[in-house]
Amino acid sequence: MKIRQNAQHFAYRKALETPGVRSVAKSGLVRLHTKIFTKKADPSHAEERTDRLDAFFDATMDAYLRALQEGYSEAEAREITHIQANFDFYNHGWTEMMEFPVDELDDHYDRYRDFFERWDVAIDDPLGQFAPVGGIPEAPSTPEKLEEPEHPYAEGGFADDVYVETDDGELVVGGRESANADSRAHQNSSISEDGRE
């Protein structure tokens, strides 16, 4: 899929990997992701999805850290969490929030099959072992949207690898390994709110 990557992402990674500031960083990232995706949601349903999105994104932060520990790059680890979210959006018929077309679900799953199977993540069980013991809040589905899915924020054709757009618009396959790898990374840049986190 197509995501953005800049110095800020590496700063967030460092914060999540640092015990003393992890909880603060995690809370901030959860709020940011919920804000991004509720803006993509049908306005009449956005508020009722907020609690689920908060809990879901909180759980995917654990998946992100686990992927990093298993040797996935920062961009790949982040992409894993976005794929999990898109599985959940699909399961609920929230197609307007999806980042890739529904016909690419299996392709994205297959790219990270080893990781997903190891942690019991499936299209119909997006959190697998990362789900909290008490589960996460439910939210109303819109299954009728699956009949003729519309996903205005989805970008197809990027299912074979992770595609990273840098701050200057350059498209890099695989992403950067560190904040210093991109000499054009802007230290004051922030995660975009247009949906390509």
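Residues numbered from 1 in each chain as written. Predicted model: local features only at pLDDT ≥ 70, side-chain atom pairs only at ≥ 80, totals over all residues. Heavy atoms only, no water.

Draft legend 1. Region of interest: unusual backbone geometry. One non-glycine residue, Asp120, adopts positive backbone phi at about 60°. By relative accessible area, which is 44% here, Asp120 ends up partly exposed. (Buried < 20%, exposed > 50% of the residue type's maximum accessible area, 1.4 Å probe, protein only.)

Draft legend 2. Structural view of a negative patch on the surface. A surface patch of like charges, here negative, comprises Asp103, Asp106, Asp107 and Asp160. Secondary-structure assignment places Asp106 in helix 5 (residues 105-111). (Patch = residues over 30% accessible without salt bridge, like charges linked within 9 Å, V, L, I, M, F, W, Y side chains within 5 Å. Areas by Shrake-Rupley, 256 points an atom, 1.4 Å probe, with all protein chains shown as cover. Salt bridge = Lys/Arg side-chain N within 4 Å of Asp/Glu carboxyl O. Lys, Arg positive; Asp, Glu negative; His and termini not counted. Charge placed at Lys NZ, Arg CZ, Asp CG, Glu CD. Helix = DSSP H or I, 4+ residues; strand = E, 2+ residues; numbered from the N terminus.)

Draft legend 3. Helix 2 (residues 19-40), seen in detail. The terminal C-alpha atoms of helix 2, which comprises 22 residues, lie 32 Å apart, in line with the 32 Å expected from a rise of 1.5 Å per residue. Ala25, Lys26, Leu29, Val30, Leu32, His33, Thr34, Ile36, Phe37, Thr38 and Lys40 are the residues of helix 2 that are buried. (Expected span 1.5 Å × (residues − 1).)

Draft legend 4. Looking closely at the sheet that holds strand 3 (residues 171-173). Strand order in the open sheet formed by three strands is 1-2-3, with mixed pairing between adjacent strands. A strand with exactly one partner marks an edge of an open sheet, and here the two such strands are strand 1 (2-4) and strand 3. With strand direction ignored, the average angle separating the axes of adjacent strands in the sheet is 35°. Sheet topology note: the strand 1/strand 2 (residues 163-165) ladder contains three bridges and is parallel. Bridging from a neighbouring strand, Lys2 pairs with Tyr163 of strand 2. (Pairing = 2+ DSSP bridges. Axes fitted to C-alpha atoms, helices over the stretch in contact; angles between N-to-C directions.)

Draft legend 5. Fine view of helix 1 (residues 7-16). Turning to helix 1, its buried residues are Ala7, His9, Phe10, Ala15 and Leu16. Buried residues in helix 1 make contact with strand 1, helix 2, helix 3 (46-69) and helix 4 (74-92). (Contact = heavy atoms within 4.5 Å.)

Draft legend 6. Molecular detail of the nonpolar core. Counting 48 residues, the largest nonpolar core has Phe57, Phe89, Phe115 and Phe116 as the members making the most contacts within it. Looking at this core, the elements with two or more residues in it are helix 1, helix 2, helix 3, helix 4, helix 5 and helix 6 (113-118). Counting residues per element, this core draws most heavily on helix 3, at 11 residues. Ignoring anything within four residues of it in the chain, the contact list for Phe57 reads Val30, His33, Thr34, Phe37, Ala85 and Phe89. (Core = buried A, V, L, I, M, F, W, Y, C linked by side-chain atoms within 4.5 Å.)

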